[in-house]
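Results of the structural survey
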Amino acid sequence: MYYHFLSISRQVIEREQFLPYHFPEEAGSKNAFTEADYIFEPSKEELIEELAIRSLHGRFFSILLNNHTSEHAARTIAMQLATENADELHEELKLTYNKLRQQNITTELLDIIGSSFA
């Protein structure tokens, strides 16, 4: 089971069975060449064993890359959301600070004006 990367905002969980490997059924048509015509080196068994191992290595590497890419995409989206939330919070706090500052200035001015009449 692994995350398959589709886009930066979409990753899906995939499940894939690797072993035992099932070869696809042949279509029933035989090649024009038979084993008697050629000698293959290495043998079919050795070749299939080596290719199966290489295929599994390649598939696992592909899965690791997909998973790694999905993780980075999720982190990027999380950081973008955190940045947007921090910007909104900063604007709200700045507005609150400016209102309180303006209120304090007004209060001080009223105190100065009130004391001048006394």
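As a reminder, the structure under discussion sits directly above these lines.
Residues numbered from 1 in each chain as written. Predicted model: local features only at pLDDT ≥ 70, side-chain atom pairs only at ≥ 80, totals over all residues. Heavy atoms only, no water.

Quick look at the pairing of strand 1 (residues 2–7) now. Sheet topology note: the strand 1/strand 2 (residues 10–14) ladder contains five bridges and is antiparallel. Note that in strand 2 the partner of His4 across the bridge is Val12. What sits between the antiparallel neighbours strand 1 and strand 2 is a turn of two residues. (Pairing = 2+ DSSP bridges. Helix = DSSP H or I, 4+ residues; strand = E, 2+ residues; numbered from the N terminus.)

With 74 residues, helix 1 (residues 44–117) extends 109 Å from end C-alpha to end C-alpha; this agrees with the ideal 110 Å at 1.5 Å per step. On its buried face, helix 1 sits against strand 1 and strand 2. (Expected span 1.5 Å × (residues − 1). Contact = heavy atoms within 4.5 Å.)

A few words on the side chain of Asn66. Structurally, Asn66 can be placed in helix 1. Residue Asn66 is classed as buried on the basis of its relative accessible area of 14%. From its side chain, Asn66 meets the backbone nitrogen of Phe5 in a polar contact 3.4 Å long. Not counting the four nearest positions on each side in its chain, Asn66 is found in contact with Tyr2, Tyr3, His4 and Phe5. (Buried < 20%, exposed > 50% of the residue type's maximum accessible area, 1.4 Å probe, protein only. Polar contact = N/O pair within 3.5 Å; in protein donor to acceptor, adjacent residues only side chain to side chain.)

On the secondary structure map, Ser70 appears in helix 1. Taking the relative accessible area as the measure of exposure, Ser70 reaches 4% and is therefore buried. Not counting the four nearest positions on each side in its chain, Ser70 is found in contact with Tyr3, His4, Phe5 and Gln11.

With that settled, consider a negative patch on the surface. On the surface, a cluster of negative charge is contributed by Glu41, Glu45, Glu46 and Glu49. Of note, Glu46 is situated in helix 1. (Patch = residues over 30% accessible without salt bridge, like charges linked within 9 Å, V, L, I, M, F, W, Y side chains within 5 Å. Areas by Shrake-Rupley, 256 points an atom, 1.4 Å probe, with all protein chains shown as cover. Salt bridge = Lys/Arg side-chain N within 4 Å of Asp/Glu carboxyl O. Lys, Arg positive; Asp, Glu negative; His and termini not counted. Charge placed at Lys NZ, Arg CZ, Asp CG, Glu CD.)

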